[in-house]
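Fold and contact review
This is what each chain is made of:
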Amino acid sequence: MSEFEIKVDPVTGTSPPRVEDLVKKALKEALEKRKLGKATPLSTGILEELVEAIGVPAISPIPFITKVVLLDSQKFLSDVIGTKLGSVVDDFPVTIYHKYDWDERILPFIPVVDDSYILDKDLSANILRAWELNEKILCYGPTGAGKSSLIEQLCARTSRPFIRINCTGDMDSSMIFGQLTAKEGSTIWVDGCATEAVKYGAVFAWDEWDVTPPEISMGLQWLLEDNGKLMLKEMPGTTKDKQIIPHEHFRLVAIGNTQGQGDDTGAHSGTNVQNSATLDRFGTAIYVDYLQPTVEVKMILNKWKHVISTKAAQELVKLANLIRTGYKAGQFSLTVSPRSLLNICKKLSFNCSLKTAFELVYLNKLSDTQRKVASELFRKVYGTNET
């Protein structure tokens, strides 16, 4: 029998009703019920009754987006970063603070907004969302990609205090946790930068976290946990005195060139392989690459449009990306950061030629061999007559 052949009931001798007939009948009955009940015929209940009548499992109604009501202390993400988002679903409330929200000891750490800085909407959304969820953040990427600047400017736009420390392999734990200090004939405890951030609710930017000595990193393990605390082992007092409960606004961002798995390129010497338990404590991990060329050009023009033309800015970014590609390939020991490009423009504003500015900002920091390669890239972009 063909799969398209209609089967006949052997008892009644009749064919079963067609699906189309069942649908029509069920729909008619459902509408009649609705009329008797004086309900709106277009409600989702009809669909449920219809599929139930014809034996099809009910499908959940399509969810709809409810209107988000902002609190007085909130703005939408799109307003904070000044960029339209692709969908309403991507937008969410972001807390904006005021000076009276902070202890006067932490007020000076609120950064100033740099209007020329262009925020990447995806990176900004991921970081601000993590802050709203009170998650610890791991932010990593190549040297000069602007990781620290991104965090600082997001703090500026939300009026959060920003405390940053650049870690080294030989640093002392007192810089982070604090130490006993002699003052006026007595000994007092002076908080470290992390302790201040924890107490007063700042964003603690743990910069170059992947070169931090392991004994210091492990001292922050408890703090990295949800509802964790900071233990000041060296501070005098009882165990209760040594436990610091984080301020409700405290946030932590670990910033580095690697994600804690070590470096096999040789470009970031001194980085350590971090404990897997430490990595697991970060609720959000973000890779920050160099800015998109169009974004970087726009950032340069925002700050130095009276000095450099659009075409010249595009060529400068092109040169920078050629060098960055060489840096990733191991041809250069130093990359060109957005900061370097802004420094070149600064020199141009003071009657310095582009070639001389490039030499002073970048070229003279390289070895002889690398300098020759970088000079050749400069000639490819600008030609031999550029002055």
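Residue positions are given per chain, counting from 1 as you read along its sequence in written order. At least 70 in pLDDT is required for a residue's local features to be given in this predicted model, at least 80 for side-chain atom pairs to be given and counted, and no such filter applies to totals for whole chains, interfaces and linings, which use all residues. The side-chain figures draw on all heavy atoms in the structure; neither hydrogens nor water molecules are used.

A few points about the nonpolar core
Nonpolar core, defined: a set of buried Ala, Val, Leu, Ile, Met, Phe, Trp, Tyr and Cys residues in which side-chain atoms within 4.5 Å join the residues together. Exposed residues in this analysis have more than 50% of their type's maximum accessible area, buried residues have under 20%, and partly exposed residues fall in between, with area computed by a 1.4 Å probe over protein chains only. Core analysis: the biggest nonpolar cluster contains 64 residues, and Leu-128, Trp-131, Ile-308 and Ile-344 have the highest contact counts within it. Secondary structure counts use DSSP, requiring at least four H or I residues in a row for a helix and at least two E residues in a row for a strand, with both numbered from the N terminus. Per-element tally for this core: the top contributor is helix H12 (residues 310-328), with seven residues. In what follows, a contact means two residues having at least one pair of non-hydrogen atoms within 4.5 Å. Beyond its immediate chain neighbours, meaning those up to four positions away, Trp-131 contacts Ile-137, Ile-151, Leu-154, Cys-155, Thr-158, Arg-160, Val-203, Arg-251 and Val-253. Of all hydrophobic cores here, the second largest spans 35 residues; its members include Leu-220, Leu-252, Ala-254 and Leu-279.

Things to note about the sheet that holds strand S10 (residues 251-256)
Whenever strands of a sheet pair, they do so through backbone hydrogen bonds, lying parallel or antiparallel. Strands sit in the order S4-S7-S10-S3-S11 across an open sheet of five strands; the sheet is parallel. Bordering the open sheet on either side are strand S4 (162-166) and strand S11 (284-287), each of which pairs with just one other strand. The average angle at which neighbouring strand axes cross in this sheet is 20 degrees, direction not considered. Two strands pair under a simple rule: DSSP has to find at least two bridges between them. Pairing between strand S3 (residues 137-140) and S10: four bridges, direction parallel. Counted as the bridge partner of Cys-139 is Ile-255 from S10. Think of each axis as a best-fit line through the C-alpha atoms, taken over the contacting stretch in the case of a helix, with angles from 0 to 180 degrees between the N-to-C directions.

Side note on helix H14 (residues 354-361)
Along H14, the positions that sit buried rather than exposed are Leu-354, Ala-357, Phe-358 and Val-361. Projected down its long axis, H14 shows its buried positions confined to an angular sector of 100 degrees, all on one face. Summarising the contacts, the buried residues of H14 are in contact with H12, helix H13 (338-348) and helix H15 (368-382). Comment: arc refers to directions from the helix axis out to C-beta atoms.

A look at H12
The span expected for a helix works out to 1.5 Å for each residue beyond the first. For H12, which comprises 19 residues, the first-to-last C-alpha distance of 27 Å matches the rise-based estimate of 27 Å (1.5 Å per residue) to within 8%. Within H12, burial applies to Ala-313, Leu-316, Val-317, Leu-319, Ala-320, Ile-323, Arg-324, Gly-326 and Tyr-327. Of the surrounding secondary structure, the elements contacted by the buried residues of H12 are helix H11 (293-304), H13, H14 and H15. Note on H12: the residue one or two positions beyond its end, Gly-330, has a positive phi of about 90 degrees.

Describing the packing of aromatic side chains
What counts as a ring pair is set by centres within 6.5 Å for rings of Phe, Tyr and Trp (its six-membered ring), and what kind of pair is set by the plane angle: stacked under 30 degrees, edge-to-face over 60, tilted for all other angles. Summed over the entire model, instances satisfying the criterion amount to seven aromatic pairs. Measuring from ring centre to ring centre gives 5.1 Å for Tyr-97 and Trp-102, while their planes differ by 55 degrees; the resulting arrangement is tilted. Trp-102 gets classed as buried once you look at its relative accessible area, which sits at 7%. Relative to Tyr-382, the ring of Phe-378 has its centre 4.8 Å away and its plane inclined at 40 degrees; by these criteria the two rings are tilted. Residue Phe-378 and its partner Tyr-382 are both found in helix H15; the two are separated by four residues, about one turn of the helix. Like Phe-378, the residue Tyr-382 is buried in the burial classification. Through a chain of ring-to-ring contacts, the aromatic side chains of Phe-358, Tyr-362, Phe-378 and Tyr-382 assemble into a single cluster.

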